[in-house]
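# Summary of structural features
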Amino acid sequence: MSARTLPRTTPPDFLAVADLDEAQFAAALDLAEEMKHTPAGWLDTLRSETLACFFEKPSTRTRVSFAAAAHRLGMLPLVLRPDELQLGRGETVADTARTLAGFCAGIVIRTFAQATVAELAQHSSVPVINALTDDHHPCQALADFLTLREVFGRLEGLRLAYIGDSDNVARSLIEAGALSGVEVVVASPPAYQAEAAERREVLDFVARHHGHAGIVEDPREAVAGAHAVYTDVWVSMGAEADADARRRELAPYQVTSALMAGAAPDAVFMHCLPAHRDEEVTADVIDGPASVVWRQAANRLPTEQAIVYALITGGWGRS
């Protein structure tokens, strides 16, 4: 097996979708598609290597998919919790990064602050992959856009409407849209839109890549003609204290069959999961024929396998 090597352009880390360029984003999806169809074809590529997977937040899809992805590359996935490391007893992030890099070919981290991931990457000599922070969810976006490409046969020219709290998922979707020709429109109440500085940053990224994105208040405006309607939970981990207020203020942004009716006739429903039925989405939508949420979840595996392989080896597919 040989791979295309991009030594000058391969990003050393994957902390946000914006770390990739258009060619790398497309190559990651191509590689993921190949790995999905030949799951046993890469078992010798990283045999005897170890992937450290550090989780400060609970997880189902991320934990299992990264472990399975590492296994399909011949790697040992080592899942770690704060209470199992000296980091939980006061060792610095920098020292933890240096230590793990001495044992492992790559580090996956799921945590709260983006600054923690950035610090880990700064002091690590091996690639660091952001499996989720409060600011970004880049691995989810890769799986989402592989799903869209599978369903519609293309990405260019699609419109995705994101409804609800403008969170880490929304930002990663906007960045992915800018790299792939998908227009992403986010509909949120004013109090749940991204801060002004973050909006400027992400919209500047979209403009640099000649993409199209919008931030609106009316969910019907966002959904009009959309090929995909996407939402996320209203009460994320860490926001439980504001749960009642969030449910009250986001209630008009529930994805219902009536809202879906304003989208394109072949529109799909998307959710990063876990979902709260009859809260951010009605049960008939998430469990209905337009839902592709389980396909999204399954696509976490090949897309994460692809990004681990590409970052560690510098290869983005078979030559």
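Here's a quick rundown of the structure. No experiment lies behind these values; they were computed from the predicted model shown.

### Concerning the nonpolar core
- Membership of the largest hydrophobic core comes to 60 residues, with the highest contact counts inside it found for Phe 25, Phe 66, Ile 129, Leu 148 and Leu 160.
- Ranked by size, the runner-up nonpolar core spans 21 residues in total, among them Ile 163, Val 255, Phe 269 and Val 285.

### A short note on the pairing of strand β2 (residues 50–55)
- The buried fraction of β2 amounts to six of the six residues, a majority that puts the element mostly inside the structure.
- Burial along β2 is two-sided: the face carrying Thr 50, Ala 52 and Phe 54 and the face carrying Leu 51, Cys 53 and Phe 55 are both buried.
- Pairing of β2 with strand β3 (residues 76–80) involves five bridges; the strand directions are parallel. For Phe 54, the partnering residue across the bridge sits in β3 and is Leu 80.
- This β-α-β element, β2 to helix α2 (residues 61–72) to β3, shows right-handed connectivity.
- Sheet topology places β2 next to strand β4 (residues 106–110); five bridges connect them, and they run parallel. Note on β4: the bridge partner recorded for Cys 53 is Val 108.

Cut-offs and rules
- Residues numbered from 1 in each chain as written.
- Predicted model: local features only at pLDDT ≥ 70, side-chain atom pairs only at ≥ 80, totals over all residues.
- Heavy atoms only, no water.
- Core = buried A, V, L, I, M, F, W, Y, C linked by side-chain atoms within 4.5 Å.
- Buried < 20%, exposed > 50% of the residue type's maximum accessible area, 1.4 Å probe, protein only.
- Helix = DSSP H or I, 4+ residues; strand = E, 2+ residues; numbered from the N terminus.
- Pairing = 2+ DSSP bridges.
- Right-handed = clockwise from strand over helix to strand, strands pointing away.

Keep in mind these values describe shape, not function.
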